[in-house]
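# Fold and contact review
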Amino acid sequence: MTDAVSVRQSELELERARVAERYARLDALREEKERQLAAVRRTGLEGSLQNHSERDAFASLYEDRLAQLLAVDDRLVFGRLDLDPERAGDPDEERYIGRIGLTTEEHERLLVDWRAAEAGAFYQATAAHRGRVRRRRHLMLRGREVRDLEDDVLDPDLLGQEGVRADAQGALLAAVTARRTGRMGDIVATIQAEQDEVIRAPLAGAVVVQGGPGTGKTAVALHRAAYLLYTHRERLARSGVLIVGPSTAFMRYIERVLPSLGETGVIMASLGTLMPGVQAGPERDLDAAAVKGRLEMAQVIAHAVAQRQRLLAQPRRLMIEGTAVKLKPAAVRRARDRARATGKPHNEARVTFVKILVRELAEKLSKKLEKSSGAPVQRDLLLEDVRTSRDVRVALNLCWMPLTPQKLVGDLLTREHLLRAAAPWLSDGEVGALLRPADAPWTEADVPLLDEAAELLGRLEAPVKGGESAAQHERNLENARASLENMHQTLADMGVDGVVDAEQLAAANEARAVRRTTAETAAHDRTWTYGHVVVDEAQELSPMQWRLLARRCPMKSFTIVGDIAQSSRRDAAGSWASVLEPEFGDRWRLEELTVNYRSPARVMRWASQVAQAAGLEVSRPRAVREGEHAPRLTVRPGADLVALTLDAVAGERDRVPEGLVAVITAAAHAPELLAALRERWGRARVDTAPLPGVEIVVATPWETKGLEFDAVVLAAPERLVDDARGVVGDLYVAMTRATQSLSVVSTAAVAALPAGLADPPA
């Protein structure tokens, strides 16, 4: 026994020294990139345009590399592979696996990036199919120090050697039972074989990752994004990767995962932020959400746009510089038909509409003036007079007004006559669900409507390189021409006069003024198309939301993550085929995760019992542990819900000391429970989101989608089902957020509880 302890201690000391060597190299690289970046920045603006471009390119390169090096400090090294020699007579090979790849100054490999092909065996090797792997060693670090190690011995011959032992999945169990911090951690050290297969799946097409609660769907999706960025760097660095989640709280929860895996250039957006310039909240009205989510709303928006291209009922008399000219309905119709025939969006086609009518009105004005004066007129000047005439501008705007998406959709949802004209087939109830006050905020269900409108309306002013407007670009050009003219003699004396023209000079200044990364540019450009899109909680998306996302990635390269049984939508689809067919056809494949790493088996049995009692087909992934705490149900008809909830929270804090507790309840109960919990445990410890320092979270099921907590207190479960009009998806989600313990409290009669809830399994 003493020898085994001594051998293990010596192994720990060996790994500490080797890990320290790799951290030293990381620090050296950070210092090197900081020096290089500082040197580039010191060069200032001297030199040619080519020098400026090269300087900016190197600065961007050093900044990106430095950001990557700074983000991977925690658990830089987490594994070691001991491999059979490739050729007889060679020594065994040791391969350290970490968050990024590192080499020595002499280019000898110190650390293999977990995404590299050579690291795949760390996740894929088994005793039955070990390949060259003799031993897989997990290194458990706290900060930069190796605190423990665990060996998974795959070669039976090793077991006979002194001091060699096989451990039983301690690293995995330690990870799944670790205290939750309010931020999602990566699983890079404990990725399992079925997860790794999904992570390393090919880029092309859509991969649907179906899995019940706790199977690691979100973690797999994020690690897949990191893997694809590593494997297809050249392609995806130019186009970017978009990650879409259900809520802002969810995006905060996962925001640190990708940087910890060595990736910092991904766009992360909730459904409410997919329209640049719009911050939309949840859609609380289930009827409105259902109607807005239908694909027919694309036709409604198209009708609304077409109806803003109006004709005249009768001729209109216009005054242009004191002369009356008639604008006739037939002329407006001809101009409208020709503008529509261009196939351009509304705002861009309007240029054709205006140009035709301005020219026609100028021709009429010319004839009138020539007839009255008996002398020819300069028609180019008349065009400008017509274009700037107030009467003409008013008349043309009334016929074809330039529009923003917000204006079009806002009018549609607040003016009944416009809505009925665009969608005459809607029932009175559906129209009533859509109409809202003019000052109502935008919701997540509105974002696809705004996006559809933006697609049909087009830009109000065409952009040019660097993100500048056409008018600003013209001003920049004029300034550039003036600068070159002023510098003409100086440039001539230098022998470089004529080397740079005004267009090049303006473009260089514009590029420097708005230099952005690919991620930053994509986030501000609605028309940007991504190389890959990751969608989490995908079962919640409406057909219109899928239409929006498909527009963001025409190549249809997607990772789609979700669980059909967890949908809270009233019109939820029963299969992925029915969800994806409108946008993807048959260009998708299904992968299923079968192991539950988060939820104890005794909690999942109860949640599955409730879901099945409601007729839901739920996945039944195998839980890796039974769980220490039996779930609790407390029903006291007529009691005080606040007092009952406070007692349950106190019980969970005793059960799971230092754990993160979530009180999940209906929106109507949340404010009162939040106030009571803050009064008892202090404002700093209780909040509505899992932020640093928070010990108790009060949230609705929607706000906890994709999140996990050490313990959950579910208050008034019957209200969740009532609010969802009988759909139990929210209840199922709430019950499956716990990693350790679950308590359910209700003040309703037992008979009023959702089916399957009143009889928790042992």
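Residues numbered from 1 in each chain as written. Predicted model: local features only at pLDDT ≥ 70, side-chain atom pairs only at ≥ 80, totals over all residues. Heavy atoms only, no water.

## Describing the overall build of the chain
- A tally of regular secondary structure across the chain gives 31 helices and 22 strands.
- Relative to all contacts within the chain whose residues are 6 or more apart in sequence, the contacts with residues 24 or more apart total 73%. (Helix = DSSP H or I, 4+ residues; strand = E, 2+ residues; numbered from the N terminus. Contact = heavy atoms within 4.5 Å.)

## With respect to the sheet that holds strand β19 (residues 686-687)
- The strand order across the open sheet formed by six strands is β17-β22-β21-β18-β20-β19, and the pairing between neighbours is parallel. Both edges of this open sheet fall to β17 (632-635) and β19, since each of them pairs with a single strand only.
- Here four bridges tie β17 to strand β22 (residues 738-746), and the two strands are oriented parallel to one another. When the sheet's bridge partners are listed, Val635 is paired in β22 with Ser746.
- Here helix α28 (residues 641-655) sits on the sheet and contacts β17, β18 (661-664), β20 (696-699), β21 (709-715) and β22; the angle it forms with β22, its principal contact strand, is near 160°. (Pairing = 2+ DSSP bridges. Axes fitted to C-alpha atoms, helices over the stretch in contact; angles between N-to-C directions.)

## What about the packing of α28 against helix α29 (residues 670-681)?
- In the contact formed by α28 and α29, the axes pass within 10 Å of each other and the chain directions differ by 50°. It follows that α28 is oblique to α29 by the angle criterion. Crossing of α28 against α29: the hand is right-handed. The segment α28 lies against α29, with Leu641, Val642, Thr645, Leu646, Asp647, Val649, Ala650 and Arg653 engaging Glu672, Leu673, Ala676, Leu677, Arg680 and Trp681.
- Of the residues belonging to the contact of α28 with α29, the class tally is nine nonpolar, one polar and four charged. (Parallel < 35°, antiparallel > 145°, perpendicular 65-115°, else oblique. Left-handed = near helix turned anticlockwise from the far one by under 90°. Nonpolar A, V, L, I, M, F, W, Y, C, P; charged D, E, K, R; others polar.)

## With respect to the pairing of strand β10 (residues 316-320)
- As paired elements, β10 and strand β11 (residues 323-327) share five bridges and run antiparallel to each other. Looking at β11, one finds that Met319 is bridged to Ala324.
- Here β10 folds back onto β11 in antiparallel fashion, the turn holding two residues, of which Glu321 has a positive phi close to 50°.

## Thoughts on empty space enclosed by the protein
- The tally for this structure, following the rule as stated, stands at two cavities of 30 Å³ or more.
- Its boundaries defined by the atoms lining it, the largest cavity holds a volume of some 40 Å³.
- The wall of the largest cavity is formed by Leu271, Leu274, Glu444, Val447, Pro448, Gln545 and Leu548.
- Secondary-structure elements contributing two or more residues to the lining of the largest cavity are α20 (447-457) and α25 (543-552).
- The class makeup of the residues in the lining of the largest cavity is five nonpolar, one polar and one charged.
- When residues of the lining of the largest cavity are assigned to domains, at least three fall in each of domain 2 (193-275 + 529-595) and domain 3 (286-457).
- A volume near 30 Å³ is recorded for the second largest cavity.
- Across the lining of the second largest cavity, the residue classes tally to six nonpolar, one polar and one charged. (1 Å grid on protein atoms, 1.4 Å probe; cavity = no way out; pocket = protein on both sides within 12 Å on 5 of 7 lines; lining within 4 Å. Points joined across faces, edges and corners; volume = space filled by probe spheres on them. Domains from an automatic or database assignment.)

## Remarks on the UniProt feature "coiled-coil region" (unreviewed entry) in the chain
- Sites flagged by UniProt as "coiled-coil region" (unreviewed entry) map to residues 16-43.
- Its end C-alpha atoms 41 Å apart, residues 16-43 is made of 96% helix and 0% strand. (UniProt positions renumbered as here; feature names shortened; annotations may be inferred.)

## Description of helix α16 (residues 390-399)
- Listing the buried residues of α16 in full gives Val392, Ala395, Leu396 and Cys399. Projection of α16 onto a plane perpendicular to its axis shows the buried side chains occupying an angular sector of 95°, all on one side. (Buried < 20%, exposed > 50% of the residue type's maximum accessible area, 1.4 Å probe, protein only. Arc of directions from axis to C-beta.)

## Side note on unusual backbone geometry
- With a phi close to 50°, Glu321 is a non-glycine residue in the positive phi region.
- Note that Glu321 resides in the loop between β10 and β11.
- The exposed category is assigned to Glu321, whose relative accessible area is 65%.
- Phi is positive for Lys556, close to 55°, though the residue is something other than glycine.
- Mapped onto the fold, Lys556 is located in the loop between α25 and β13 (558-562).
- Judged by relative accessible area, Lys556 falls into the buried class, the value being 15%.

## What to know about helix α14 (residues 346-373)
- With 28 residues, α14 extends 40 Å between its outermost C-alpha atoms, agreeing within 8% with the 40 Å of an ideal straight helix rising 1.5 Å per residue.
- Just beyond α14, the residue with positive phi is Gly374, at close to 75°. (Expected span 1.5 Å × (residues − 1).)

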